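# Observations on the model geometry
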Amino acid sequence: MKNLKILIIIPAYNEEGSIQKVVESLVDGYPQYDYIVVNDGSQDATASICRKNGYQMLDLPINIGLAGVMQAGFRYAYGNGYDYALQFDGDGQHQPQYIEQMCRQMEEHGADIIIGSRFIEQEKPKNLRMVGSRIIQGIIHITTGKDIKDPTSGMRLFNRSMMKKFAYTMNYGPEPDTISFLIRCGGRVEETQVQMLERETGESYLNVKRSIQYMLHMCMSIIFIQAFRKKEGLE
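Computed from a predicted model, the values in this text were never measured in an experiment.

Bringing the packing of aromatic side chains into the picture now. Under the definition given, this model contains 7 aromatic pairs. Taking 5.1 Å as the distance between ring centres and 65° as the angle between the ring planes, the aromatic pair formed by Phe158 and Phe166 counts as edge-to-face. Of the two residues, Phe158 and Phe166, neither departs from the other in class, the shared state being buried. Over the aromatic face of Tyr78 sits the side chain of Arg160, whose NZ or CZ is 4.0 Å from the ring centroid.

Okay, here's the thing in structure tokens:
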């Protein structure tokens, strides 16, 4: 794999219990990658921990949500000449040892997006959250013909053209509905097997109620919005 310039974008909202461990694991174990923490107007000590330790950070003054956070990160990545950008959660569930294989797969296959998937080699658990994932997976398959086994995974690698799209195009959130649309536009989206850890601290935004709302929103968007959205060029 050639010498690529890779940025790890770490969206963080109220991750005071995990952000130091996440960043230190990258700095100590994977110094070949650059990173940027994008603090989404956290109300806890996330920003002060980053400042105290001298971490690279974009400190957003208010909470704007994942789409806005990633757009800020992509603009930083694209403007600073990075080849690839990786979405890497600040809650400690993603593991950096898989970054190299994701980059290698993107380079060898000419992919636009690589998704770190939990379910290529393993079966999905039979719980409420995974029911939603199965439904989204099925709808993406019906509307695009592509079987994405882990459409809700938040560990995603983007090439430079995708960085530009997500940075400067309206209505490009880093979610399954946008992935579905990009596949329809001819984007090459692939998956690679990863393992993810359980969250050790804090509380996931997606409780039962929000998980159901998220699943319904994604399904409606894929079926009634993205499936009829005018296709765009990807360059």
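Let us now look at unusual backbone geometry. In this structure, Asn14 is a non-glycine residue whose phi angle is positive, near 55°. As for its placement among the helices and strands, Asn14 is situated in the loop between β1 (6-12) and α1 (19-29). Located in the positive-phi region is Asn171, a residue other than glycine, with phi close to 60°. Tracing the sequence through the fold places Asn171 in the loop between α6 (160-168) and α7 (176-184). Overall, the relative accessible area of 62% leaves Asn171 in the exposed class.

Here the focus is the pattern of salt bridges. Any two side chains of opposite charge can pair, given that their charged atoms come close. Throughout the structure, instances matching the rule amount to 7 salt bridges. In this structure, Arg118 engages Asp150 in a salt bridge whose closest nitrogen and oxygen atoms are separated by 2.8 Å. Taken together, the positions of Arg118 in the loop between β5 (113-117) and α5 (128-144) and Asp150 in the loop between α5 and β6 (156-158) put the pair 32 residues apart, joining distant regions of the chain. In this structure, Arg188 and Glu190 form a salt bridge, with 2.8 Å as the shortest nitrogen-oxygen distance. Take Arg188: its relative accessible area is 43%, and that puts it in the partly exposed class. Residues joined in a network through salt bridges with shared partners are Lys165, Arg229 and Glu232.

Quick notes on the rules
- Residues numbered from 1 in each chain as written.
- Predicted model: local features only at pLDDT ≥ 70, side-chain atom pairs only at ≥ 80, totals over all residues.
- Heavy atoms only, no water.
- Phe/Tyr/Trp six-rings, centres within 6.5 Å; stacked < 30°, edge-to-face > 60°.
- Buried < 20%, exposed > 50% of the residue type's maximum accessible area, 1.4 Å probe, protein only.
- Lys NZ or Arg CZ within 6 Å of the ring centre and 35° of its normal.
- Helix = DSSP H or I, 4+ residues; strand = E, 2+ residues; numbered from the N terminus.
- Salt bridge = Lys/Arg side-chain N within 4 Å of Asp/Glu carboxyl O.

Without other data, these values stay purely geometric and don't point to any function.
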